[in-house]
Amino acid sequence: MNRLMISMPFLPVAQIVILGIPLAFYLGAATIIALITTATFGMLVLREGSSVPFAWHVNMARLTIALALIHGLVVYWTFF
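Predicted model only: the values in this text are computed from it and were never measured.

It is worth spelling out the overall build of the chain at this point. Summing up its helical and strand segments, the chain has two helices and two strands in all. Put simply, the chain runs from its N terminus to its C terminus through helices and strands in the order β-β-α-α. For the chain, with 80 residues in total, the buried portion stands at 20%. A separation of at least 24 residues holds for 57% of the contacts in the chain among residues at least 6 apart in sequence. Of the roughly 6300 Å² that the chain leaves accessible, carbon and sulfur atoms contribute 75%.

Structure follows, in structure tokens:
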């Protein structure tokens, strides 16, 4: 095998381009937005008189973890 030859990534999903922007960027942006939303819900749950239930914070945290794992795996599979 030629050492100068670059091997194809396992799964180049992150290189899918949507409207000129790679999918990995969209997943990263969605993860950051979900993280900020989770933190905001956490602060609102602790605030007196807020009507945000604790279940929203917990479910948003689950969504954030799922998005972060998907984003990380997509980028990892693309480059390694």
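Structure shown, so let's carry the discussion forward.
Here we come to helix 1 (residues 23-46). The terminal C-alpha atoms of helix 1, which comprises 24 residues, lie 35 Å apart, in line with the 34 Å expected from a rise of 1.5 Å per residue. Taken residue by residue, helix 1 has Leu23, Ala24, Leu27, Gly28, Thr31, Ala34, Thr38, Phe41 and Gly42 as its buried positions. Here the buried face of helix 1 lies against strand 1 (17-18), strand 2 (21-22) and helix 2 (54-79).

What follows deals with the side chain of threonine 31. Within the secondary structure, threonine 31 is located in helix 1. Overall, threonine 31 belongs to the buried group, its relative accessible area being 12%. Ignoring sequence-local partners within four residues, the contact set of threonine 31 consists of Thr64, Leu67, Ala68 and His71.

Ala34, Phe41, Val52, Met60 and Leu67 form the largest nonpolar core, which has five residues in total. Those elements that provide at least two residues to this core are helix 1 and helix 2. If we skip the residues at most four places from it in the chain, leucine 67 touches Ala30, Thr31 and Ala34.

It is worth spelling out the environment of alanine 61 at this point. Structurally, the position occupied by alanine 61 is in helix 2. As for alanine 61 and alanine 34, which are separated by 27 residues in sequence, their C-alpha atoms are 7.9 Å apart.

What counts and what doesn't
Residues numbered from 1 in each chain as written. Predicted model: local features only at pLDDT ≥ 70, side-chain atom pairs only at ≥ 80, totals over all residues. Heavy atoms only, no water. Helix = DSSP H or I, 4+ residues; strand = E, 2+ residues; numbered from the N terminus. Buried < 20%, exposed > 50% of the residue type's maximum accessible area, 1.4 Å probe, protein only. Contact = heavy atoms within 4.5 Å. Areas by Shrake-Rupley, 256 points an atom, 1.4 Å probe, with all protein chains shown as cover. Expected span 1.5 Å × (residues − 1). Core = buried A, V, L, I, M, F, W, Y, C linked by side-chain atoms within 4.5 Å.

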